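Residue-level structural notes
Below, each chain spelled out in residue letters.
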Amino acid sequence: MTSLIREWLNLLVRWFHIFAAIMWVGQTYYFTWLDGQFSRLVKSGGAPDGAASSIWMVHSGGFYSVDRHKSLKVGPEQVRWFRWEALLTWLSGIVLLFLVYYSSSGLIDSDVASISQATGVAIGLAVLAAGWLIYDGAARSPLARSEAMFAAFSLLMIALLAWGLMHIFSGRAAYIHVGAVFGTIMTANVWFRILPSQRKMIAVAAAGETFDASLSAQAKLRSKHNTFLAVPTVFIMISNHFPVATYGNRYAWEILVVLVLLGWAAAKVIREA
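Figured I'd write up the structure that's included with this text. (Residues numbered from 1 in each chain as written. Predicted model: local features only at pLDDT ≥ 70, side-chain atom pairs only at ≥ 80, totals over all residues. Heavy atoms only, no water.)

Turning to the environment of Met 186, a few remarks are in order. Mapped onto the elements, Met 186 comes out in helix α5 (residues 171-206). The buried category is assigned to Met 186, whose relative accessible area is 4%. With 142 residues separating them along the chain, Met 186 and Ser 44 place their C-alpha atoms 32 Å apart. When near neighbours in sequence (up to four residues on either side) are disregarded, Met 186 contacts Trp 24, Asn 226, Leu 229, Ala 230 and Thr 233. (Helix = DSSP H or I, 4+ residues; strand = E, 2+ residues; numbered from the N terminus. Buried < 20%, exposed > 50% of the residue type's maximum accessible area, 1.4 Å probe, protein only. Contact = heavy atoms within 4.5 Å.)

Next comes the structure, spelled out in structure tokens:
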């Protein structure tokens with residue numbers, strides 16, 4: 001592959017990846033905002049809890065009303081699913097991982113660790129899988145019942161991950177693999193935890209029954225986690241343009257941990273806006 005072809009592939013896949021991510025994250029925060037508005041409506045007495053309620057909005061050339069229902073008013077085939085944006089974002093990200101790191105010299109730094117390219121690729125892919133398994137196990141454990149405890153555990157795991165990768169890969173590759181772990185967790189949340197719960201909700205609602213809130217509890221938790229992961233993930237995506245401030249700094253992994261915390265704080269402000 002010539003450098004020109006590789007550069008065009010990199011550019012086109014990156015363009016696709018960023019646009020897919022915009023669509024996915026935008027949808028996630030839009031529905032997070034809607035949930036917040038409906039919750040405020042119930043708390044203010046504007047609508048009984050569990051009853052159909054509406055949020056009015058204005059955009060471009062019209063007014064829009066969004067209604068929330070506890071039962072399905074249309075056929076399941078008419079329900080709009082939001083799922084492909086997440087998968088396409090992740091798949092294009094994996095393609096970029098192979099283009100930029102796994103098939104080039106960007107992954108390994110001989111001054112950091114003396115390992116082969118194949119070993120580095122194996123470690124990178126194993127880290128993605130392990131990141132999801134550890135997170136998923138924690139999210140399904142009693143640890144997730146306490147937001148503070150789960151956040152503390154997550155931050156500890158992120159710090160260990162960042163520190164460990166900085167001792168295996170090049171600084172730039174270490175940063176991007178932390179972001180890839182976040183992206184993998186977010187995508188797996190959508191496809192393995194959120195969508196199955198939604199399928200159950202639709203089946204119950206289509207039968208004319210009021211669905212059990214427990215069906216959506218885990219899906220809402222994973223969606224909430226995704227909103228907190230999205231902000232630091234976007235930061236990591238652009239951090240490779242600023243090596244002096246980020247991965248090239250002598251405090252690279254500590255800076256990444258601090259910026260994850262700042263990202264979480266920003267996500268909390270956005271969620272409550």
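There's plenty left to go through after this.
The next point concerns the packing of helix α2 (residues 84-102) against helix α3 (residues 117-139). Axis separation between α2 and α3 bottoms out at 12 Å; the angle between their running directions is 155°. With respect to α3, the element α2 is oriented roughly antiparallel. In the crossing of α2 with α3, the sense of the turn from one axis to the other is right-handed. Contacts between α2 and α3 involve Ile 94, Leu 97, Tyr 101 and Tyr 102 on the former and, on the latter, Gln 117, Val 121, Gly 124, Leu 125 and Leu 128. The residue makeup of the contact of α2 with α3, split by class, is seven nonpolar, two polar and no charged. (Axes fitted to C-alpha atoms, helices over the stretch in contact; angles between N-to-C directions. Parallel < 35°, antiparallel > 145°, perpendicular 65-115°, else oblique. Left-handed = near helix turned anticlockwise from the far one by under 90°. Nonpolar A, V, L, I, M, F, W, Y, C, P; charged D, E, K, R; others polar.)

The next point concerns helix α7 (residues 252-272). Relative to the 30 Å expected for 21 residues at 1.5 Å per residue, α7 spans 31 Å between its end C-alpha atoms, a close match to the ideal helical length. Within α7, burial applies to Ala 252, Leu 256, Val 257, Val 260, Gly 263, Trp 264 and Ala 267. Projected down its long axis, α7 carries its buried residues within an arc of 140°, all on one side. Away from the buried face of α7 by more than 90 degrees, exposed residues Leu 262 and Val 269 are located. (Expected span 1.5 Å × (residues − 1). Arc of directions from axis to C-beta.)

Here the focus is a nonpolar patch on the surface. A surface patch of nonpolar side chains, amounting to about 990 Å² of accessible area, comprises Leu 4, Trp 8, Leu 11, Leu 12, Trp 15, Ile 18, Phe 19, Ile 22 and Met 23. Checked against the element boundaries, Trp 15 lands in helix α1 (residues 3-43). Trp 15 sits in the exposed class, given a relative accessible area of 61%. (Patch = residues over 30% accessible without salt bridge, like charges linked within 9 Å, V, L, I, M, F, W, Y side chains within 5 Å. Areas by Shrake-Rupley, 256 points an atom, 1.4 Å probe, with all protein chains shown as cover. Salt bridge = Lys/Arg side-chain N within 4 Å of Asp/Glu carboxyl O.)

This part is about the nonpolar core. Note that soluble globular proteins tend to have their nonpolar side chains buried in a common cluster. Grouped together as the largest cluster of nonpolar side chains are 54 residues, with contacts concentrated most on Leu 97, Tyr 101, Leu 107, Leu 165, Val 178, Phe 182 and Leu 256. When residues of this core are assigned to their parent elements, the largest contribution, 15 residues, is made by α5. Setting aside residues up to four positions removed in sequence, Val 178 forms contacts with Leu 161, Ala 162, Leu 165, Ile 236 and Leu 256. (Core = buried A, V, L, I, M, F, W, Y, C linked by side-chain atoms within 4.5 Å.)

On to the packing of aromatic side chains. In the structure shown here, the tally under the stated rule is eight aromatic pairs. Centroid distance Trp 132 to Phe 192: 6.2 Å. Interplanar angle 50°. Geometry classified as tilted. Linking Trp 132 in helix α3 with Phe 192 in helix α5, this pair joins segments that are 60 residues apart in sequence. Assessed through its relative accessible area of 11%, Trp 132 is described here as buried. Ring geometry for Tyr 135 and Phe 150: centres 6.1 Å apart, planes at 70°, overall edge-to-face. Linking Tyr 135 in helix α3 with Phe 150 in helix α4 (residues 147-166), this pair joins segments that are 15 residues apart in sequence. Taken individually, Tyr 135 and Phe 150 each receive the classification buried, so the pair is uniform in this respect. A connected cluster of aromatic rings, assembled from ring pairs, spans Trp 132, Tyr 135, Phe 150 and Phe 192. (Phe/Tyr/Trp six-rings, centres within 6.5 Å; stacked < 30°, edge-to-face > 60°.)

Turning to the side chain of Thr 246, a few remarks are in order. Take Thr 246: it is sitting in the loop between α6 (213-239) and α7. From its side chain, Thr 246 meets the backbone oxygen of Ser 239 in a polar contact 3.2 Å long. Separated by 2.7 Å, the side chain of Thr 246 and the backbone oxygen of Phe 242 make a polar contact. Residue contacts for Thr 246: discarding those within four places in its chain leaves Tyr 175, Phe 235, Ser 239 and Ala 252. (Polar contact = N/O pair within 3.5 Å; in protein donor to acceptor, adjacent residues only side chain to side chain.)

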